[in-house]
Amino acid sequence: MKVLISLLACGLWAGAVWAETEKDAEMKTLYIGTANTATGNPDIAPSEGVYRLEMNLKTGELTFQGLAAAAKSPTFIVKHPTREVFYAVASNEDGTSKEGLVVAWKRLENGNFERLNTANSGGLGACHIAVHPSGKWLFVSNYSSGQFSFFSLDDDGRLGKLEKVFSSDSANKGPNAVRQNAAHAHFMMADPSGKFAIGCDLGCDRVYSWKLENGTWIENPERPFVTTASGAGPRHADFAPNGQYVYVLNELACTLEAYLHDPESGVMTNVQTSPTLPFGYHGVNKAAAIDVHPSGKFVYVSNRGKNEITVFAVDDTPVRGDKHESGCVMAPVQHLSSGGDAPRFIGLDPTGNFLLSLNKKTHNIVVYRVDAETGKLTDTGFRAQVPWCMSVAFE
């Protein structure tokens, strides 16, 4: 009898552990970057920093968990590729510098953050941040001063030295007198191989290319930049998972460009340009965010003004051309509401099953389910309210 009771107890314990493990596997923690600005809504308190949410990976349901870390306008947040360390660009806190601030946090067991260290961003108006696939480099884009900053990272993920600042040439500014009055660095990221990095300058209609050579970043000697259409305003970009293509989203022209990316030289060659808006729309709009599906079969972009998400299906089967191999054909397959006003950011969860739309002006996050065959989105009905939501990073 005692043996039977013991076996039953062990069975119940094992079942409880299995159930808890299964429950944990269904959940994912995500962090939201925000701006510390009054919301103008008495029911929505101003932001205090980075917020934590839990996401059910089966249903897409979001559960608000509160403040993860206090900071002054940590607008864009990213995670280290191998460590429980997160980084954000923010506003300088003590008034000693006009430069932006870069913050590094360690993620604690309770899901909240502990600050590791900070550094000035190397320029004015820091707006975007990205981590190199190796976890050894951090890239920061300084919008107001038109500068791209390269930081080294310590082995534990702390911010290291500001190794290099590349200043774009404002003499080559675009024709838009309001938005292209000077160089405006808006985005940087490495290619999947880690050999190259690219940077979008909205003010100069350029996408720069750098090469990692002997532990130092240099301008790509093969082709230091490509020029978009005049007045296009390249804002953000993303690579196909295999690195063969890079997609550039132009904020001002509201176009999506596909470039063939040479894995040996880093040279980018335009192969297609497609509008992000449905035919016949003539209202005010600014393209905002882009994310490529892990399968490489779909590209998602957001439009502020029209307040919608555009889904592109991609056929990237290579075919022989006159000068290079390229079979990239982007076709818009869906235009749907972003679920709020000003979708500044969109992001796929790590499984690729859900897409989150962060609507800045209505302070809400909307969850869509991704159809694995078509890439099309379906509103799950799940929402979360976060003041001035600007970016998302998953654990």
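Scroll up a little and you will see the structure.
Residues numbered from 1 in each chain as written. Predicted model: local features only at pLDDT ≥ 70, side-chain atom pairs only at ≥ 80, totals over all residues. Heavy atoms only, no water.

### Quick look at the side chain of Thr-34
Stage number 1. By the secondary structure assignment, Thr-34 is in strand β1 (residues 27–34).
Stage number 2. Thr-34 sits in the buried class, given a relative accessible area of 0%.
Stage number 3. Here Gly-49 takes part through its backbone oxygen, which lies 2.6 Å from a polar atom of the side chain of Thr-34.
Stage number 4. Excluding residues within four positions of it along the chain, Thr-34 makes contact with Ser-47, Gly-49, Tyr-51, Ser-73, Pro-74, Thr-75, Val-386, Pro-387, Trp-388, Cys-389 and Met-390. (Helix = DSSP H or I, 4+ residues; strand = E, 2+ residues; numbered from the N terminus. Buried < 20%, exposed > 50% of the residue type's maximum accessible area, 1.4 Å probe, protein only. Polar contact = N/O pair within 3.5 Å; in protein donor to acceptor, adjacent residues only side chain to side chain. Contact = heavy atoms within 4.5 Å.)

### Side note on the pattern of salt bridges
Stage number 1. Scanning the model with the defined rule gives 13 salt bridges in all.
Stage number 2. Its salt-bridge partner being Arg-52, residue Glu-54 comes within 3.6 Å of it at the nearest N-O pair. Note on accessibility: Glu-54 and Arg-52 belong to one class, buried.
Stage number 3. Linking Arg-235 and Glu-251 is a salt bridge whose minimum nitrogen-to-oxygen distance equals 2.8 Å. Of this pair, Arg-235 sits in strand β17 (residues 234–239) while Glu-251 sits in the loop between β18 (245–250) and β19 (255–261); the two residues are 16 residues apart in sequence, bridging distant segments of the chain.
Stage number 4. According to the relative accessible area criterion, Arg-235 is buried, its value standing at 4%.
Stage number 5. For Glu-251, a relative accessible area of 1% translates into the label buried. (Salt bridge = Lys/Arg side-chain N within 4 Å of Asp/Glu carboxyl O.)

### As for the packing of aromatic side chains
Stage number 1. Taken as a whole and assessed by the stated rule, the structure comprises 18 aromatic pairs.
Stage number 2. Here Phe-139 and Phe-150 contribute two aromatic rings whose centre-to-centre distance is 5.6 Å and whose plane-to-plane angle is 75°, an arrangement assigned as edge-to-face. With Phe-139 in strand β9 (residues 137–142) and Phe-150 in strand β10 (residues 147–153), the pair connects residues that are 11 residues apart, well separated along the chain.
Stage number 3. Ring geometry for Phe-166 against Tyr-208: centres 5.1 Å apart, planes inclined by 65°, an arrangement best described as edge-to-face. Highlighted residues: Phe-166 in strand β11 (residues 159–167) and Tyr-208 in strand β14 (residues 206–213), separated in sequence by 42 residues. (Phe/Tyr/Trp six-rings, centres within 6.5 Å; stacked < 30°, edge-to-face > 60°.)

### What about the sheet that holds strand β4 (residues 76–79)?
Stage number 1. Taken in spatial order, the four strands of this open sheet run β4-β5-β6-β7, and their pairing is antiparallel. The sheet terminates laterally at β4 and β7 (113–120), the two strands that pair on one side only. Shown here is a sheet whose adjacent strand axes are inclined to one another by a mean of 20°, direction ignored.
Stage number 2. Here β4 pairs with strand β5 (residues 85–90) via four bridges, running antiparallel. Pairing of Lys-79 across the sheet is with Phe-86, part of β5. (Pairing = 2+ DSSP bridges. Axes fitted to C-alpha atoms, helices over the stretch in contact; angles between N-to-C directions.)

### Some words on unusual backbone geometry
Stage number 1. With a phi close to 55°, Asp-205 is a non-glycine residue in the positive phi region.
Stage number 2. Relative to the helices and strands, Asp-205 is located in the loop between β13 (196–201) and β14.
Stage number 3. Accessibility expressed as a relative area gives 3% for Asp-205, which makes it buried.

### Regarding the environment of Pro-224
Stage number 1. Checked against the element boundaries, Pro-224 lands in the loop between β15 (216–219) and β16 (225–227).
Stage number 2. Between the C-alpha atom of Pro-224 and that of Ala-331, which follows or precedes it by 107 residues, the distance is 29 Å.
Stage number 3. With sequence-adjacent residues up to four places away left out, Pro-224 is seen in contact with Val-207, Tyr-208, Ser-209 and Glu-219.

### A closer look at the side chain of Ser-209
Stage number 1. Here Ser-209 is to be found in strand β14.
Stage number 2. What Ser-209 contacts, discounting residues up to four positions off in sequence, is Ala-197, Ile-218, Glu-219, Asn-220, Arg-223, Pro-224, Phe-225 and Gly-266.

### What to know about the environment of Glu-257
Stage number 1. Positionally, Glu-257 belongs in strand β19.
Stage number 2. What makes Glu-257 buried here is its relative accessible area of 6%.
Stage number 3. A C-alpha to C-alpha distance of 33 Å links Glu-257 and Leu-159, two positions 98 residues apart in sequence.
Stage number 4. Within polar-contact distance, the side chain of Glu-257 engages the side chain of Asn-250 at 3.1 Å.
Stage number 5. Within the structure, Glu-257 has its side chain in polar contact with the side chain of Tyr-259 (distance 3.1 Å).

By themselves, these figures tell us nothing about what the structure is for.
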